[in-house]
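Report on the structure
Below, each chain spelled out in residue letters.
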Amino acid sequence: MKVVELVSFDELRRLDVIMSEKFLIGMAGSDWCSKPVVGRPPEWRAGSTLVGFKKIDIRCSASQDRVTSSYVVEELTATANGSDPYFGGNGHLNVYARRLRPDGSYNPEGELITFCMNDAFDRGTPVIREVKRTGRLVPHYSFE
């Protein structure tokens, strides 16, 4: 039986396999972020917004597949105050995760998503405080 536990940013590690119902809505801006930022509530709509001093168009898409798919954590980042010009310099905790194949194996072409795990942003950025950890991906090395 697969053990599923809710984990926060402090407990999350690279290569953890995660899932969340909050991955449903993804948003991306044409020149702001090419990978979906997940965590928006279902009633959220796309449109234009001001990011820094630049107006960008935000695309929004719902994907039921994101809710039922497993993702592997590829990167965890924590930025300090003043390092992110788009969001006013507030520190934040980001997770970058890639969708696995249905059999649970790594897919280098799988959808890459990102989300924030704290509310350092004060501009309505979606926050996912906890995700379900269902296991860890074991790296396989090839020596050719």
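Quick caveat, the model's predicted, so the values are computed rather than measured.

Re the overall build of the protein chain
Across its full length, the protein chain carries 1 helix and 10 strands. When contacts within the protein chain are restricted to residue pairs at least 6 apart in sequence, long-range pairs at least 24 apart make up 64% of them. Summed over all atoms, the accessible surface of the protein chain reaches about 8,700 Å², with 52% contributed by carbon and sulfur.

Regarding the pairing of strand β9 (residues 112-116)
Counting buried residues in β9 gives 4 out of 5 residues, a clear majority hidden from the surface. Two elements, strand β8 (residues 92-99) and β9, share 5 bridges in a ladder whose sense is antiparallel. Note that in β9 the partner of N94 across the bridge is C116.

Regarding unusual backbone geometry
For L15, which is not glycine, the phi torsion reads 80° and is therefore positive. Tracing the backbone shows L15 in the loop between β1 (5-7) and β2 (16-19).

Let's talk about the environment of I113
Following the sequence through the fold, I113 ends up in strand β9. Put simply, I113 and V37 are 76 residues apart on the chain and 6.0 Å apart in space, counted from C-alpha to C-alpha.

A look at the nonpolar core
One broad rule of soluble globular proteins: the nonpolar side chains tend to lie buried together. Counting 15 residues, the largest nonpolar core has L12, I18, F23, V95, F115 and V131 as the members making the most contacts within it. Among the secondary structure elements, those contributing two or more residues to this core are β7 (71-79), β8 and β9. For F23, the residues in contact, after removing those within four places along its chain, are I18, V38, R66, Y71, I113, F115, I128 and V131. In this structure, V17, V72, L100 and L137 belong to the second largest nonpolar core, which totals 5 residues.

A word on the packing of aromatic side chains
Remark: the centre distance and the inter-plane angle together describe each pair of aromatic rings, the angle taken between the planes. Within this structure, the stated rule accounts for 2 aromatic pairs. Here the aromatic rings of F23 and Y71 are separated by 5.4 Å at their centres, their planes lie at 85°, and the arrangement is edge-to-face. Pair noted here: F23 is in the loop between β2 and β3 (25-29) and Y71 is in strand β7, with a separation of 48 residues, a long-range link. Comparing F23 with Y71, the two get one shared label, buried. Relative to F115, the ring of F23 has its centre 5.3 Å away and its plane inclined at 40°; by these criteria the two rings are tilted. Residue F23 is found in the loop between β2 and β3, and its partner F115 is found in strand β9; the two are separated by 92 residues along the sequence. Its relative accessible area of 0% is what places F23 among the buried residues.

Observations regarding the side chain of S20
Note on placement: S20 falls in the loop between β2 and β3. Among the polar contacts made by the side chain of S20, one reaches the main-chain amide nitrogen of K22 at a distance of 3.0 Å. Once residues lying within four places of it in the same chain are set aside, the contact partners of S20 are R66, V67, I128 and V131.

Concerning the pairing of β2
Because side chains alternate across β2, one face comprises the buried residues D16 and I18, and the other comprises V17 and M19, equally buried. Where β2 and strand β10 (residues 131-136) come together, 4 bridges link them in antiparallel fashion. Bridging across to β10, D16 finds its partner in R136.

Section: the pattern of salt bridges
This model, assessed by the stated rule, comprises 7 salt bridges. R66 is paired through a salt bridge with E111; the nearest N and O atoms lie 3.0 Å apart. Residue R66 is located in helix α1 (residues 64-68), and its partner E111 is located in the loop between β8 and β9; the two are separated by 45 residues in the primary sequence. Judged by its relative accessible area of 3%, R66 is buried. Take E111: its relative accessible area is 22%, and that puts it in the partly exposed class.

The rules behind these values
- Residues numbered from 1 in each chain as written.
- Predicted model: local features only at pLDDT ≥ 70, side-chain atom pairs only at ≥ 80, totals over all residues.
- Heavy atoms only, no water.
- Helix = DSSP H or I, 4+ residues; strand = E, 2+ residues; numbered from the N terminus.
- Contact = heavy atoms within 4.5 Å.
- Areas by Shrake-Rupley, 256 points an atom, 1.4 Å probe, with all protein chains shown as cover.
- Buried < 20%, exposed > 50% of the residue type's maximum accessible area, 1.4 Å probe, protein only.
- Pairing = 2+ DSSP bridges.
- Core = buried A, V, L, I, M, F, W, Y, C linked by side-chain atoms within 4.5 Å.
- Phe/Tyr/Trp six-rings, centres within 6.5 Å; stacked < 30°, edge-to-face > 60°.
- Polar contact = N/O pair within 3.5 Å; in protein donor to acceptor, adjacent residues only side chain to side chain.
- Salt bridge = Lys/Arg side-chain N within 4 Å of Asp/Glu carboxyl O.

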